[in-house]
Amino acid sequence: QPQAEPVAGKTYHVLREDDDTLRVTDEQGQRPPAEEVAIVTGAMESLGRHNPLTRLLRGKTIPLGRTIRLPPEVANELLGFREAIGEVTQFTLALRKTASVADRQCADFAVHIEARSPYDPTGTLVVEGQLLVELATCRMVAMQITCPLQMAETRGPKGARFTVAGRGTLHVAMRAAAK
């Protein structure tokens, strides 16, 4: 019977502190167990770091409905979870509309990412969702993405090895808060 990861179905708040560390709390503002913190910080390593969208989008005019292709490495830089989704082969943003979000004018993009699965070299992992980018600064304001996820890991001593396998859906939502 597949066992759920300790972070499955939980919500976390992650903040990059002034000393460059990540502070992780649960929905009640409490620090979760160390195993959960390690998983969350590993997935959120790019949070609060250099924004690759600024250098790619600043000063550009993108018409509504236009899809732009970005270098695959930008997806890993922006999202910071190369180990989870594998090598990105395609990263596109399609401008759906502009909207005011928390008194900031934002571009609302549909996100489409394709990656070679780290667990199935013949498979392609497709990540889709929404990305809100502040027009004035090109900084990410919010993002919601979803993708199918499967993993397999061999465990146990020699002669008694077994494989732990699981599959499900990864849901990631991030929101930037101004200091």
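Below or above, wherever it landed, is the structure these notes cover. (Residues numbered from 1 in each chain as written. Predicted model: local features only at pLDDT ≥ 70, side-chain atom pairs only at ≥ 80, totals over all residues. Heavy atoms only, no water.)

## Notes on the overall build of the protein
Consideration 1: What the protein contains, in helices and strands, is four helices and eight strands.
Consideration 2: When the helices and strands of the protein are read in sequence order from the N terminus, they spell out β-β-α-α-β-α-α-β-β-β-β-β.
Consideration 3: In the protein, which comprises 179 residues, the share counted as buried stands at 36%.
Consideration 4: Sequence separation of at least 24 residues holds for 47% of the intrachain contacts in the protein that already meet a minimum separation of 6. (Helix = DSSP H or I, 4+ residues; strand = E, 2+ residues; numbered from the N terminus. Buried < 20%, exposed > 50% of the residue type's maximum accessible area, 1.4 Å probe, protein only. Contact = heavy atoms within 4.5 Å.)

## Topic: the pattern of salt bridges
Consideration 1: Under the criterion given, the structure shown has four salt bridges.
Consideration 2: We note a salt bridge from Arg23 to Glu17, for which the minimum N-O separation is 2.5 Å.
Consideration 3: The exposure class of Glu17 is partly exposed, given its relative accessible area of 27%.
Consideration 4: Across the salt bridge formed by Asp108 and Arg96, the nearest N and O atoms sit 2.9 Å from each other. Placement of the pair is Asp108 in strand 5 (residues 104–116) and Arg96 in strand 4 (residues 87–101), with a sequence separation of 12 residues. (Salt bridge = Lys/Arg side-chain N within 4 Å of Asp/Glu carboxyl O.)

## Focus: the nonpolar core
Consideration 1: In terms of nonpolar packing, the biggest core is built from 35 residues, with Leu53, Leu57, Phe91, Leu93, Phe109 and Leu131 touching the most fellow members.
Consideration 2: Element by element, the count of residues in this core is highest for strand 5, at five residues.
Consideration 3: For Leu93, the residues in contact, after removing those within four places along its chain, are Leu53, Arg66, Thr67, Ile68, Leu70, Phe109, Ala110, Val111 and Leu131. (Core = buried A, V, L, I, M, F, W, Y, C linked by side-chain atoms within 4.5 Å.)

## Description of unusual backbone geometry
Consideration 1: Positioned with a positive phi, Ala102 is a non-glycine residue whose angle comes to about 50 degrees.
Consideration 2: Note that Ala102 resides in the loop between strand 4 and strand 5.
Consideration 3: Positive phi outside glycine occurs at Cys138, with the angle close to 65 degrees.

## What to know about the pairing of strand 4
Consideration 1: Bridging between strand 3 (residues 67–70) and strand 4 involves four bridges; their strand directions are antiparallel. Each residue of the ladder has a partner; that of Arg69, found in strand 4, is Thr92.
Consideration 2: Across 13 bridges, the pairing between strand 4 and strand 5 is antiparallel. If you follow Ala99 over to strand 5, its bridge partner there is Cys106. (Pairing = 2+ DSSP bridges.)

## Focus: the pairing of strand 1 (residues 12–16)
Within a regular strand, side chains alternate between the sheet's two faces.
Consideration 1: Bridge analysis of strand 1 against strand 2 (residues 22–26) gives five bridges, and the strand direction is antiparallel. Its bridge partner lying in strand 2, Val14 is registered against Val24.
Consideration 2: The loop that links strand 1 with its antiparallel partner strand 2 comprises five residues; one of these, Asp20, has a positive phi angle of about 75 degrees.

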